[in-house]
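Each chain is listed here by its residues.
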Number of protein chains: 2
Amino acid sequence: MKTSETLIHARWVIPVEPDNQVLEYHSIAIDEGRISAILPTAEARQSWQARVTLDLGCHALIPGLVNAHTHAAMTLLRGIADDLHLMDWLQNHIWPAEQRWVSEQFVHDGTQLAVAEMLRSGTTCFNDMYFFPEVAARVAASGTIRACVGLILVDFPTPYADNPDDYFAKGLALHDEYRHHPLVRCAFAPHAPYTVSDEPLKRVQVLTGELDLPVHIHLHETASEVQESVAGTGLRPLARLDALGLVSPNLAAVHMTQLQDEEIRQLADSGSSVVHCPESNLKLASGFCPVQKLLDAGVNVALGTDGAASNNDLDMLGEMRTAALLAKTVRGDASALPAHTALRMATLNGARALGLGDETGSLEVGKWADITAVDLGALESQPLYNPVSQLVYTSGREQVSDVWVAGQHVLKKRQLTHLDVQDLVQRARGWQTRIAAGDSKR
Amino acid sequence: MKTSETLIHARWVIPVEPDNQVLEYHSIAIDEGRISAILPTAEARQSWQARVTLDLGCHALIPGLVNAHTHAAMTLLRGIADDLHLMDWLQNHIWPAEQRWVSEQFVHDGTQLAVAEMLRSGTTCFNDMYFFPEVAARVAASGTIRACVGLILVDFPTPYADNPDDYFAKGLALHDEYRHHPLVRCAFAPHAPYTVSDEPLKRVQVLTGELDLPVHIHLHETASEVQESVAGTGLRPLARLDALGLVSPNLAAVHMTQLQDEEIRQLADSGSSVVHCPESNLKLASGFCPVQKLLDAGVNVALGTDGAASNNDLDMLGEMRTAALLAKTVRGDASALPAHTALRMATLNGARALGLGDETGSLEVGKWADITAVDLGALESQPLYNPVSQLVYTSGREQVSDVWVAGQHVLKKRQLTHLDVQDLVQRARGWQTRIAAGDSKR
């Protein structure tokens, strides 16, 4: 008899790597937080025993979803100001609310609310960009969820730091603290080309070479961003980053709705990643990212929800579906961005964009057991001709039944094992009362 | 003490008519299937008593959602062939499967599965177009859900009818049978300009004048449809329908992704309705319907999911969200299609497109009690600054807790009171086994 700590018998296992594969009636063994075996259930039942065994008879096991771009704490600003022109939304609602309210406690409560929502919808890893990243790191580590925490950087002072030197000092201290943490890693997170000047960007370029960390940045989000860059610097933002040596395999360029064909080739040749955020791009009227063109060129395209203030959820299943639907019409081809590719973008491509491609993002022996179980037995997924198609096109977040992060069973039959939902909701309502009073004054 | 059969106390009542209104801590009284009062809960608790009282302390009561375009029975073909070119999908998968499998039993089981999904996601009325409409009518009446059943019409023979005369004879008999039914009404449903020739369309025009029924038709779904019409008849499809006298307040034109400004004015001037199906249009790469332009011109724009073979769900909450997000980028304005407007399209505009604007689609005294309760207390909807924003941008179908159709409590705490989910799932799987065997042979 072979033994294992945990053995999960599933109707389907969709490993993502190898691509386009669906294993029916297969089981996954977990030991010391990692996947120790993937084998036919018949064989597992016959010759394996485990301390914990789970039967998921109408479920698909997929790699935990990787949300490659969010601002977790902004969940506390979810829905505060929708259906407004972008600049009205930012200048009259979001920025004033942040200036007034962002604090360590805000980031703690907002990130914890976000982590609960992400785990309940099958996300096991998120790439964050926000102030007080040390608080987000602490919340993720105790959450329990995998996080790539952005070392936020802007030119101007905020409640978090006074100037670029201060942002770097705090960020590098955080990176040192979590250097060997199993769940948390860091990325440089210069906010955007229009909020960070050349000197600090050069320093990011030097440091990312030394530390081999991803560079997580908003890029080519809107046409006006590109126009203003050309007017101010003579260069499109991507060209400016290239001149600064930042267009490299470490680059995770978020949004990219404005792209010329030579820029697509440049991204492919440099091994950069693009993080596609379709729902945020739609809601803020930013434009359409040419996803299929990027994929055809060989660019690693990941998927993110963006913050809940511009989405308004952190549901990667929904984001996958929106990405797959939208790409078809943007490309003018109903065969564009098929279901398997959408799932790969939401898992392995995301992990690769965060430099975690060897650790998570697919169900492979030796990788962390970051696993999401989706119940495809729901009425809304019947009949079921193709499990990957039902996963992407019919599954709702409520069909996520169980989630494991590094082998820890953090969502058990829809119940979070590390977080108290009622307490989170109460604290969110406390912030709502205070923030709404402030917002209505404007 | 005033008395009532049913009294529902809710945190919010969103009546849709008047527009942009949210009533906090209000109650709805139901008598003889209709809304008999809408009043402050404080007053209701003090001076009303009811046989049945319900407290929905963190819920929003909205008009039951109106799915203004679907092919309910096609739920049995959900996901059979995704991510294919449109013609490959139709000619090699959908049409052969229909020719082989469509029967009264197929329509019965498929429509019942669809009705269960629609009620579970808050839809209380659907506009159907499929073969054997008498079966759909029977299923809806017993379901219990409100339906506008399309009297399907195509030039060619199908398992349902042999020729246009046969389609008309069967359709008119169905209309006579349900003429006074409280839940079921009929519409003429010529499939599309390219499947119905002038003679039968002229007969539809004469009959719709006599019977005052809606004319439910696919129109300007794709650019090639319009091009082929111009090549074959010299006219764009809308112009051809106009020449036949069919562009009128009875017209419910579905899809309309290809529209010139003068056509938008023509639709507005004629009082026609457009049924927008954003997820189907995206998935089949049909194009973008200029929704905000249509609304600005004064066109009544409703919302539909289309069939589950091209969506792949019948979730009107999700469709509302997709419509609101997509319209912003299509218009290039983040303030386009705000949440209140999306809700109105999914309710009252749909009812008006079906000629039911005086009977359902808004929460008004005297209208049928077609009501959906959405639980906005879920973690995914916190914090809550604006209930309509959370309803449209954060609510999932799983937050639909209760549904009433003509005062009947058909969904009670997520449980269907008239349909057996397990039985529906079993029958769907039976069809899946038979149909998949047939499909794989091709």
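Look up: the structure comes first, before these words.
Structure report, in brief.

Conventions adopted
- Residues numbered from 1 in each chain as written.
- Chains lettered and ligands numbered in written order.
- Predicted model: local features only at pLDDT ≥ 70, side-chain atom pairs only at ≥ 80, totals over all residues.
- Heavy atoms only, no water.
- Phe/Tyr/Trp six-rings, centres within 6.5 Å; stacked < 30°, edge-to-face > 60°.
- Helix = DSSP H or I, 4+ residues; strand = E, 2+ residues; numbered from the N terminus.
- Buried < 20%, exposed > 50% of the residue type's maximum accessible area, 1.4 Å probe, protein only.
- Lys NZ or Arg CZ within 6 Å of the ring centre and 35° of its normal.
- Pairing = 2+ DSSP bridges.
- Contact = heavy atoms within 4.5 Å.
- Axes fitted to C-alpha atoms, helices over the stretch in contact; angles between N-to-C directions.
- Polar contact = N/O pair within 3.5 Å; in protein donor to acceptor, adjacent residues only side chain to side chain.
- Parallel < 35°, antiparallel > 145°, perpendicular 65-115°, else oblique.
- Left-handed = near helix turned anticlockwise from the far one by under 90°.
- Nonpolar A, V, L, I, M, F, W, Y, C, P; charged D, E, K, R; others polar.
- Salt bridge = Lys/Arg side-chain N within 4 Å of Asp/Glu carboxyl O.
- Buried area = accessible area lost by both parts, 1.4 Å probe.

### Brief notes about the packing of aromatic side chains
- For the coordinates displayed, the defined rule picks out 11 aromatic pairs over all chains.
- Taking 5.4 Å as the distance between ring centres and 85° as the angle between the ring planes, the aromatic pair formed by phenylalanine 106 of chain B and tryptophan 431 of chain B counts as edge-to-face. Highlighted residues: phenylalanine 106 of chain B in helix H3 (residues 104-120) and tryptophan 431 of chain B in helix H16 (residues 421-441), separated in sequence by 325 residues. For the pair formed by phenylalanine 106 of chain B and tryptophan 431 of chain B, the shared burial category is buried.
- Put simply, the rings of Trp101, Phe106 and Trp431 of chain A touch in pairs and so form one group of aromatic residues.
- In this structure, arginine 34 of chain B packs its charged tip against the face of tryptophan 368 of chain B, placed 3.9 Å from the ring centre.
- Note that arginine 434 of chain B overlies the ring of tryptophan 431 of chain B, its terminal NZ or CZ placed 4.4 Å from the centroid.

### Side note on the sheet that holds strand E1 (residues 2-13) of chain B
All names here are of chain B.
- In spatial order, the strands read E3-E2-E1-E4-E13-E14-E15-E16; together these 8 strands make up an open sheet with mixed pairing. Two strands close off the open sheet at either side, each with one partner strand: strand E3 (34-40) and strand E16 (415-416).
- Most of the contacts of H3 go to strand E14 (residues 400-405), to which it runs at about 115°, and overall it touches E14, strand E15 (408-412) and E16.

### A few points about the sheet that holds strand E16 (residues 415-416) of chain A
Residue and element names in this part refer to chain A.
- Pairing is mixed across the open sheet formed by 8 strands, whose spatial order is E3-E2-E1-E4-E13-E14-E15-E16. Edge positions in the sheet fall to strand E3 (34-40) and E16, since each has one partner strand and no second.
- Direction of pairing for strand E4 (residues 48-63) relative to strand E13 (residues 371-375): antiparallel, over a ladder of 5 bridges. Bridged to histidine 59 within E13 is aspartate 375.
- Together, strand E14 (400-405), strand E15 (408-412) and E16 form the strand contacts of helix H3 (residues 104-120), whose direction differs from that of E14 by roughly 115°.

### Observations regarding the pairing of strand E5 (residues 65-70) of chain B
Residue and element names in this part refer to chain B.
- Buried residues dominate E5, accounting for 6 of its 6 residues.
- Sheet analysis places E5 next to strand E6 (residues 123-128), joined by 4 bridges and oriented parallel. Across the sheet, the residue bridging to leucine 65 is threonine 123, located in E6.

### Looking at the environment of aspartate 82 of chain B
Residue and element names in this part refer to chain B.
- Note that aspartate 82 resides in the loop between E5 and helix H2 (86-101).
- Each C-alpha atom of the pair aspartate 82 and alanine 346 lies 26 Å from the other, and the pair is 264 residues apart in sequence.
- At 2.6 Å, the side chain of aspartate 82 and the side chain of lysine 283 are in polar contact.

### Topic: the packing of helix H5 (residues 164-178) of chain A against helix H6 (residues 198-211) of chain A
Residues and elements named next belong to chain A.
- Here H5 crosses H6 at 15°, and the two axes come no closer than 11 Å. Between H5 and H6, the interaxial angle falls into the category roughly parallel. Crossing hand, H5 versus H6: right-handed. Two secondary-structure elements touch here, H5 through Pro164, Asp165, Phe168, Leu172 and His175 and H6 through Pro200, Arg203, Val204, Leu207 and Leu211.
- Each residue belonging to the contact of H5 with H6 can be placed in one class, and the counts come to 7 nonpolar, 1 polar and 2 charged.

### A word on the pattern of salt bridges
Residue and element names in this part refer to chain A.
- On inspection of all chains with the given rule, the structure shows 48 salt bridges over all chains.
- A salt bridge links aspartate 296 to arginine 331; the nearest nitrogen and oxygen atoms lie 2.6 Å apart. Note that aspartate 296 is positioned in helix H11 (residues 291-297) and arginine 331 in helix H12 (residues 316-331), a separation of 35 residues in sequence.
- Its relative accessible area of 48% is what places aspartate 296 among the partly exposed residues.

### Side note on the interface of chain A and chain B
- The interface of chain A with chain B comprises 67 residues on the first partner and 67 residues on the second.
- Note on chain A versus chain B: buried area summed over both sides is about 5200 Å², and carbon and sulfur give 56% of it.
- Interface area lost by chain A to chain B is led by Asp83, Leu379 and Tyr385 of chain A, which between them contribute 16%.
- Across the chain A-chain B interface, the total number found is 10 salt bridges.
- Arginine 321 of chain A is the partner of aspartate 313 of chain B in a salt bridge, and the nearest nitrogen-oxygen pair spans 3.2 Å.
- For the interface between chain A and chain B, the tally reads 40 residue pairs in polar contact (both at pLDDT 80 or more).

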